[in-house]
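Secondary and tertiary structure notes
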Amino acid sequence: MSRTIQTKFTDHAGVQYPIICGAMYPCSNPELVSAASNGGGLAIMQPVSLTYAHGWDLREGIKYIKSMTDKPFGFNALIEKTNNKYIERMSVWIDIALEEGLRFFVTSLGKPDWVCEKVHAVGGVVYHDVTNRHWAKKGKDNGVDGLICVNNRAGGHLGDLSKEQMIEELHDMDLPLICAGGVGGEDELSDALRLGYDGVQMGTRFIATDECNTSDNYKRAIIEAKEEDISWTKRISGVPISVIKTKNFRQENSWLVRKLLSGKFKHLARTFISIISYWRLKSIKQSDEKNGSPKSTELYSAGKSVGTIDNTVSATVIMRELGESINGVKTSG
Ligand SMILES: Cc1cc2nc3c(=O)[nH]c(=O)nc-3n(C[C@H](O)[C@H](O)[C@H](O)COP(=O)(O)O)c2cc1C
């Protein structure tokens with residue numbers, strides 16, 4: 001019989017296990033989100049992924065996820081102030097998510113005060129992505145309820161500090177702390193909980209699943225990669241993103257792009273690079289599907305947990321088995 005592992009995070013999220021399937025652009029398709037939440041942890045939907053990458057109207061997409069799970073799932077709000085139009089759209093999306101009953105929000109970048117205001121008004125919680133004490137303090141001052149501690153082993157945008165350094169820096173913040181980065185299996189999960197984290201957020205492990213509808217070549221690249229094959233590049237979004245190293249791998253952008261990224265229009269330049277990357281990724285996926293072998297794998301983002309991943313299984317099974325493997329964690333009492 002399944003049990004509940006209680007931490008401050010599970011109390012906040014209303015889930016059985018202190019495990020988050022993190023938001024992933026463009027990998028968070030609705031089937032993955034619902035499957036991961038069905039396993040007893042919390043999956044976070046990514047609205048840009050849902051609408052742009054997977055073609056859903058936001059409300060219809062949320063309804064579709066809800067048709068596949070009656071468990072809670074959360075919402076990722078990237079709130080970096082690139083331009084007012086983007087923030088206005090995100091604000092409308094948050095309202096829709098709240099209307100649809102979502103109560104767990106993860107903010108990334110930017111100042112989360114206005115998100116906290118909306119979410120707290122209906123009894124929800126906001127966790128904020130941070131990479132060090134400076135950003136953690138800003139998040140706390142802006143009213144967040146928990147911190148996602150992104151470390152130097154994470155997939156996607158990565159931090160500079162190890163999970164041990166992060167807990168050392170943030171343990172006295174009096175907020176629940178989630179370890180994001182490098183957790184692929186039971187050993188790293190129990191390690192993080194033993195260090196004092198209230199939960200973990202995993203990304204890379206959930207790409208190599210039956211329900212993630214990314215290309216088979218991406219999944220295979222994750223399964224075949226070892227920790228040493230992971231590096232980072234600024235070529236996807238203008239800031240370091242961890243990727244699987246390939247023949248064509250380059251860390252830095254061209255001289256011209258670097259100049260644009262450090263100038264007055266750096267936010268615009270980052271948006272532009274992200275759009276180009278999206279189209280490149282889309283064309284790689286189409287080419288992978290057509291040819292059965294990758295044209296180029298340079299844009300496969302993944303973290304150092306690849307070393308622990310050797311198969312593709314159901315996201316529900318991953319969640320359930322990891323949750324059931326937890327022994328003797330502290331409770332929120
Ligand atoms: C391909 C990919 C895309 C990601 N996109 C996002 C995103 O849009 N928003 C976000 O907050 N985190 C994003 N992340 C970070 C994950 O939610 C999670 O924190 C991270 O993957 C944890 O590290 P792990 O990959 O070692 O498990 C992404 C990660 C990956 C691998």
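To be clear, the structure that these remarks concern was listed above.
Let us look at the structure shown here. (Residues numbered from 1 in each chain as written. Predicted model: local features only at pLDDT ≥ 70, side-chain atom pairs only at ≥ 80, totals over all residues. Heavy atoms only, no water.)

Some remarks on the sheet that holds strand 1 (residues 19-21)
- Strand order in the closed barrel made by the eight strands is 1-2-3-4-5-6-8-9, with parallel pairing throughout. When strand polarity is set aside, the average angle formed by the axes of neighbouring strands in this sheet is 25 degrees.
- Alignment of strand 2 (residues 42-45) against strand 3 (residues 73-78), held across three bridges, turns out to be parallel. Residue pairing across strands places A43 opposite F73, the latter belonging to strand 3.
- Contacts from helix 2 (residues 30-38) reach strand 1, strand 2 and strand 3, with the element oriented near 160 degrees to strand 2.
- Seen against the sheet, helix 5 (residues 84-99) touches strand 3 and strand 4 (104-108) and runs at an angle of roughly 170 degrees to strand 3. (Pairing = 2+ DSSP bridges. Helix = DSSP H or I, 4+ residues; strand = E, 2+ residues; numbered from the N terminus. Axes fitted to C-alpha atoms, helices over the stretch in contact; angles between N-to-C directions. Contact = heavy atoms within 4.5 Å.)

Here we look at the site of the ligand
- Around the ligand, the structure places 22 residues, and the nearest of them are A23, N76, Q201, G203 and T204.
- At 2.8 Å from a nitrogen atom of the ligand is found a side-chain nitrogen or oxygen belonging to N76.
- For the ligand, whose free accessible area comes to 600 Å², the fraction covered by protein is 92%.
- Taken domain by domain, the shell around the ligand gets at least three of its residues from each of domain 1 (8-212 + 311-325) and domain 2 (216-305). (Near = heavy atom within 4 Å. Polar contact = N/O pair within 3.5 Å; in protein donor to acceptor, adjacent residues only side chain to side chain. Areas by Shrake-Rupley, 256 points an atom, 1.4 Å probe, with all protein chains shown as cover. Domains from an automatic or database assignment.)

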